[in-house]
Structure formats: structure tokens, C-alpha cells
Amino acid sequence: MATATPAPSAAPSSQPVRVVLRVRPFLPSEAASATAPCVSLLGSHPGGEVTVQLKDQHTSRSGHYKLDAFFGQEDRVSEIFDREVSAVIPGIFEGFNATVFTYGATGSGKTYTMQGTEDAPGLIPLAVSTILALCTGTWCSVEVSYYEVYMERCYDLLEPKAKEIMALDDKDGNMQMKGLCWVPVRSMEEFQELYSIGVQRRKVAHTGLNDVSSRSHAVLSFRISTDVVKGKLNLIDLAGSEDNRRTFNDGVRLQESAKINQSLFALSNVISALNKNELRIPYRESKLTRILQDSLGGSSRAMMIACLNPSEYQESVNTVSLAARSRHIENYVSSASKQQTPKVKVDMEAKLRAWLESKGKTKSIRRMDGLFSPIASKTPSSMSHMKQPASSRISSRAKAMDQDGGKIKKILFDPAIRVRDENLPKASTQDDPNMNKVVLPSVTPCKEDKSESSLRRALSPISSNRVPVKQQTSETDCLPILLEPKTPTCDIVEKIPAATPLDKFNAIGSTLKETLVQQYLDFLNCANKEELQQLKGIGARRAEYILELREDSPRPFKSLADLENIGLSSKQIQDILRKTASGIFK
């Protein structure tokens, strides 16, 4: 099989937003009263630029605008794809990102341009068929996501969720949709089935100007992955601006219209600020402009398709005026190849020290010197295990277990072996004066009873600060015994005279909970895809996403709050841990 190769490394190139104008045909209801379209093509220029004229048939007002391409009433949508959109698709396989979005007033033909019909397919089905054809015979994979921006909130259309999906910046400053579902597609039939479900879930309603009016901005994204690079194509169908004096909107329709117009006004402000080279670009005024941030002044190739209603002069003026200003926006396009994005290592210790010195916190600096000092004598024995990362501590623990022939594991988890308190050696401070601070607890430190239950063994996991020691008195005494400088929580509770049985039980429960949570997080940080899928709540898509997070960070899950990065709510996390804990006692 052939494999797609990335483009050679190159510096980011400046590419302006390309603006294409499409004039839809007259509708049957408009044809009787229409005389001539309000827009016409005056001429083409050698550089590919075109000049269009907008003329009001009633007042004789007119204006000229320069754009990149013009498609009249007789041109089909497939011609727009062949001459304009198809040129950006090959770059996706080289690691570039691209965005194509339709803009215009309500009823100007934006959704038709994107979706088309069965007989005359729109840009979306044409783009999908081209992408899948280019993937044939290669190792490329294609994933699709589909979401809408409704009333300034983002909702997944392929996998509906109770909560909205959030637009957040990743570690590289790129906008990502937290909780968005990505679904792999391998054929046109799979995509059509998936896309039709999303279209049915999109918010539409009847207005005074349109029987099926889009009430949200819809974003369809394709993620193409090769062995080396990942590229993305966004096809965005914007909701149209509305004049409520003509649409007669009220109630919920009026609120929707206000949010749509507000987001489009924010888009106009962003374009204006970019043309004036202002220091602050108001991308965060709207969810729409946050989504289009990479396409307007960012690093993505961008194309605007301005759609016009040929019988509405003022609406056409507003649309073409903003479209003409968008042509002056420069995007700095670069490949998304992983080799071209080296990670800079930050010395956090030096930064912390500089900040403490600037604040005059001398005591904190001295404490930090004791914590991070390379001299072992300056490091407290109880804190020595904190100098190593969790992954190193886990590997060291596994190495120690291998050296001891797996006997530690056998002692802790084999119910046939019982370790008695009387088998433990007695600590003698006379033989070794350095042992006066070391406590030698049994494997069951919280029980005075000689017997040991399976629950007690579960509450005493192997800790990274325990040192294996061998006794040479007999064959059975040669099994390793664990020394732990740190006194367990339940031992501390037992030493309190006023501690009640309930206090002791709560201390045990706290230890069990912390152990379960930490082991669960460690499992997510190191397990493979097949092992992850065996956990409750982790399916194939979540498992793949976890592996992607681990590519960027070796330990992405440091606390339960980090599980929200894979789309799990706090209630789902509690349910998963509850089921995991209940499975221990089965």
C-alpha cells in the first residue's frame, strides 16, 4: 500500500482569505415580480480578481466591489467545488488546516450551497467523496465531528450530551472543543448515515422569510491522520442575519435571531480590527469568532463563500461589503507536522526560585533548597520518594518485585499465606542508631488480631517508600518483609486515646479511597487500548482519545478532575469508581 508523505518543512506562508461570491437563482415565488438581479459581473482582471456591481432597481443606487471569484445564477454548486474548494483538499493530507464557510443573509442559499440535493450535491458531499477517494490505498484515516452553535452554546450533533461542549485552548494555544465526539468514517454510505442524523438534530424553524430557517451555526469538521501529520478541514454553514421587521419573529425565534445577529456583528468587528492591524482582536466576543479564530488571521487556509439573494439589494450590499473587507486578512499557513513543532523544556524550579526571590520569601527558598537538593543528607527520609516522578516510582517498585521473585506480591494478595505479627523482627536502636526513627509495622498494622482478612490486604498496597528486607532464620522467614518509615493513617488514629471505632473505620475508608483513586489514575496513564476498553465507561473512542492525550503528556491524569478531558462528567466519574469499588467484594 502507498503511504501519504508530509510536505517538506517550510516557513509559514502568508495567504489572504479567499472570497467567492455566489448568486442564487430566483425562487418560483420571486420570479413573477423580479425584473433583474441586483448584482452583476462587470469584468475580470489578469490576476484572477473580479469586479461586481450592485445596483438597486428602484433608486438607481449602485456600488462596485472587487472579489476573487464570481458565480452567477446559472452556475451550479459543483462548479464552485471544482474551481475553488477542491484546491484546498490535497493540502489537508500534508498537515495543513483549511476552513470553508458560507456567509449571507437569511434565505440567500447558504445551507443549499453546503448540502445541495440528491441530484445536485453540495460542497459537503463533494468534499467527502474527494477525501475518501484520496484515502483509498493509503494508511490515512478520516474522522468526522459535527456540532452547532445555538444561542451562544455549542452542542454535539453526533453524540448528544446533557452539557454543552466547551471551546478551550490547548497547551499550544490552539482552540479545541472539549467533549466533542469524533467518529471514524470509511465510506460514503457511513458518512451519509451519520450526517443525516446530525442534520435532523440541528435547530431549524419557520420564519416569515424562510420555511426552514437555520437557527444555529453548524460546523462539520474532518480530521485526516497519516503516519506523520494530521490535517483538518472545517465546513461551516453560518446562520443568516435577519431583519425582524420582515421575519415577524417573536418569543424564542426573536431570542434566536438576536443571538445570531450578535455573533455576526462580532464577526464584523473581528474583520474590521484585522484590517486596521489593531493590537487586540476581539475573538472572544462570540463563540462564532472563537471558532473562526484560526481561519481569520490565524494559521489555517480560509475561504468565504458569500451568498446573495438576487432580489434584495440592501442585504446584498451588507454581505458583499463585509466579504470585500475579508479579502485583506492575511493568514500565516504552516504544516501541522509533529517534527516541526519541537517542545521547549521549561525549568520550573528556576522560575519558582526567581519568583520567590522577587517576593523576598527567604524561608520558602530555604525549604525549596532542602526539597530539591541533590545531596541526600539534606533530604528528609520521609520525603525522599517525592523526588522521583510517579512513572519512575512505579518502575522501581516493579523492579524490586522482580528481584524478589514476586514474593512481595504473593504475601499481599495470596490468601493462602498469612503473615503474623510475631514473624516480624524487633527493631533495635542499639545495633543501629539510624533506626531510631523507623517504625516496623506489620502488613496488617491496624489490626491487633492475628488473622488477616482480604480487606486488610487491600488496604495495605505496596508503597514506593518501602524497603524490602530478608530474614535468614528459616525457609519461611526468607520472604521479604516491608519497612515503611511513614506511619499509616490508621496507626495514628489508634494512638489517639479518644479515637472511637467509627474514627478508626473512617480512617481505613479514607486510605482505601485514596488508594483506589490513585491506582485508577495510574492505570489510565499506562494501560494500552485493549486494557482501557475493559474499564466501565471507557469505550473505543475514549480509549483512543486517552492514547492521544498521552502522546502530548506522559501522565495526563493526575487527579479526578483531569478525567473531564475525556468527556466524563463528575457524576459519571463517581459512578465508575463506585462500580469499581463494589467489584472488589464480589
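Residues numbered from 1 in each chain as written. Predicted model: local features only at pLDDT ≥ 70, side-chain atom pairs only at ≥ 80, totals over all residues. Heavy atoms only, no water.

The strands that make up a sheet pair up through hydrogen bonds in the backbone, lying either parallel or antiparallel. Read from one edge of the open sheet, 3 strands run E3-E4-E5, paired in antiparallel fashion. On the outer flanks of this sheet lie strand E3 (39-44) and strand E5 (62-67), each paired with one strand and no other. Direction aside, neighbouring strands of the sheet carry axes that sit 25° apart on average. Looking at chain direction, strand E4 (residues 50-55) and E5 are connected through 6 bridges and run antiparallel. Looking across to E5, one finds that Leu54 is bridged to Gly63. In this fold helix H10 (residues 313-326) packs onto E4 and E5, with an angle of close to 35° to the strand it touches most, E5. (Pairing = 2+ DSSP bridges. Helix = DSSP H or I, 4+ residues; strand = E, 2+ residues; numbered from the N terminus. Axes fitted to C-alpha atoms, helices over the stretch in contact; angles between N-to-C directions. Contact = heavy atoms within 4.5 Å.)

The subject of this paragraph is the environment of Glu531. Along the chain, Glu531 falls in helix H18 (residues 529-533). Along the sequence, Glu531 and Ala543 sit 12 residues apart, while their C-alpha atoms lie 9.0 Å from each other.

A few words on the packing of helix H5 (residues 123-135) against helix H6 (residues 188-201). As a packed pair, H5 and H6 sit with axes 10 Å apart at the nearest point and diverge in direction by 145°. At the point where H5 passes H6, the crossing takes the right-handed sense. Counted together, Ile124, Pro125, Val128, Ser129 and Leu132 of H5 and Met188, Phe191, Gln192 and Tyr195 of H6 form the full contact between these two elements. (Left-handed = near helix turned anticlockwise from the far one by under 90°.)

Attention now goes to the UniProt feature "binding site: ATP" (unreviewed entry) in the protein chain. The UniProt entry lists Gly104, Ala105, Thr106, Gly107, Ser108, Gly109, Lys110 and Thr111 under the feature "binding site: ATP" (unreviewed entry), expressed in the numbering used here. Position of Gly107 among the secondary structure elements: in the loop between strand E7 (97-103) and helix H4 (110-115). Excluding residues within four positions of it along the chain, Gly107 makes contact with Arg24, Asn210 and Asn309. Here Lys110 shows up in helix H4. When residues no more than four places from it in sequence are discounted, the contact partners of Lys110 are Thr102, Tyr103, Gly104, Ala105, Asp237, Leu238, Ala239, Gly240 and Cys307. (UniProt positions renumbered as here; feature names shortened; annotations may be inferred.)

Attention now moves to the side chain of Ser300. Within the fold, Ser300 resides in the loop between helix H9 (287-291) and strand E17 (301-308). Overall, Ser300 belongs to the buried group, its relative accessible area being 1%. Within the local environment of Ser300, its side chain forms a polar contact with the backbone nitrogen of Ala98, the two atoms lying 3.4 Å apart. If we ignore the near neighbours within four places in the chain, the residues touching Ser300 are Asn97, Ala98, Thr99, Asp294, Ser295, Asn331 and Val333. (Buried < 20%, exposed > 50% of the residue type's maximum accessible area, 1.4 Å probe, protein only. Polar contact = N/O pair within 3.5 Å; in protein donor to acceptor, adjacent residues only side chain to side chain.)

Examined against the element boundaries, Gly298 turns out to sit in the loop between H9 and E17. Using a relative accessible area of 17% as the deciding quantity, one classes Gly298 as buried. Between the C-alpha atoms of Gly298 and Ile329, which are 31 residues apart in sequence, the distance is 9.5 Å.

The packing of two helices is summarised by the inter-axis angle and the distance between the axes. It is the contact of helix H8 (residues 252-275) with H10, at a shortest axis distance of 9 Å, that shows an interaxial angle of 40°. Taken together, the axes of H8 and H10 lie oblique to each other. Crossing handedness for the pair H8 and H10: left-handed. Side by side, H8 and H10 meet where Ser268, Ile271, Ser272 and Asn275 of the first sit next to Leu322, Arg325 and Ser326 of the second. For the contact of H8 with H10, the class distribution of residues is 2 nonpolar, 4 polar and 1 charged. (Parallel < 35°, antiparallel > 145°, perpendicular 65-115°, else oblique. Nonpolar A, V, L, I, M, F, W, Y, C, P; charged D, E, K, R; others polar.)

With that out of the way, let us pick up the pairing of E7. In terms of burial, E7 is largely enclosed, as 6 of its 7 residues are buried. In the sheet, E7 pairs with strand E16 (residues 230-237) via 6 bridges, with the strands oriented parallel. Paired with Thr102 across the two strands is Asp237, which belongs to E16. When E7 meets E17, the two strands line up parallel, connected through 6 bridges. Note that in E17 the partner of Phe101 across the bridge is Met304.

Looking now at the environment of Leu535. Relative to the assigned elements, Leu535 resides in the loop between H18 and helix H19 (540-552). For the pair Leu535 and Tyr520, spaced 15 residues apart in sequence, the C-alpha separation works out to 9.8 Å. Look past the residues within four positions of Leu535 in its chain and what remains in contact with it is Tyr520, Phe523 and Leu524.

This part takes up the packing of aromatic side chains. Where two aromatic rings form a pair, the distance of their centres and the angle of their planes describe that pair. Taken as a whole and judged by the stated rule, the model has 3 aromatic pairs. On the basis of an interplanar angle of 10° and a centroid distance of 5.3 Å, the ring pair of Phe191 and Tyr195 is categorised as stacked. In this pair, Phe191 and Tyr195 both sit in helix H6, 4 residues apart, roughly one turn of the helix. On the accessibility criterion, Tyr195 (9% relative accessible area) is buried. Relative to Phe222, the ring of Phe191 lies with its centre 5.8 Å away and its plane at 40°, an arrangement referred to as tilted. Within this pair, whereas Phe191 is found in helix H6, its partner Phe222 is found in strand E15 (residues 217-225), the two being separated by 31 residues in sequence. (Phe/Tyr/Trp six-rings, centres within 6.5 Å; stacked < 30°, edge-to-face > 60°.)

What follows deals with the nonpolar core. A general trend in soluble globular proteins is that nonpolar side chains are found buried together. The biggest cluster of nonpolar side chains holds 50 residues, and the ones touching the most others in it are Leu21, Val39, Leu54, Leu67, Tyr147, Leu238 and Leu296. Among the elements that line this core, the one with the most residues is H8, at 7 residues. Aside from chain neighbours lying at most four places away, what touches Leu54 is Cys38, Val39, Arg61, Ser62, Gly63, Tyr65, Leu308, Tyr313, Ser316, Val317 and Val320. If you look at the next biggest cluster of nonpolar residues, it comprises 43 residues, including Leu126, Val185, Leu194 and Ala218. (Core = buried A, V, L, I, M, F, W, Y, C linked by side-chain atoms within 4.5 Å.)

A rise of 1.5 Å per residue sets the reference length of helix H11 (residues 348-359), with its 12 residues, at 16 Å; its end C-alpha atoms lie 17 Å apart and thus fit the reference within 8%. Positioned one or two residues after H11, Gly360 has a phi angle of 70°, which is positive. (Expected span 1.5 Å × (residues − 1).)

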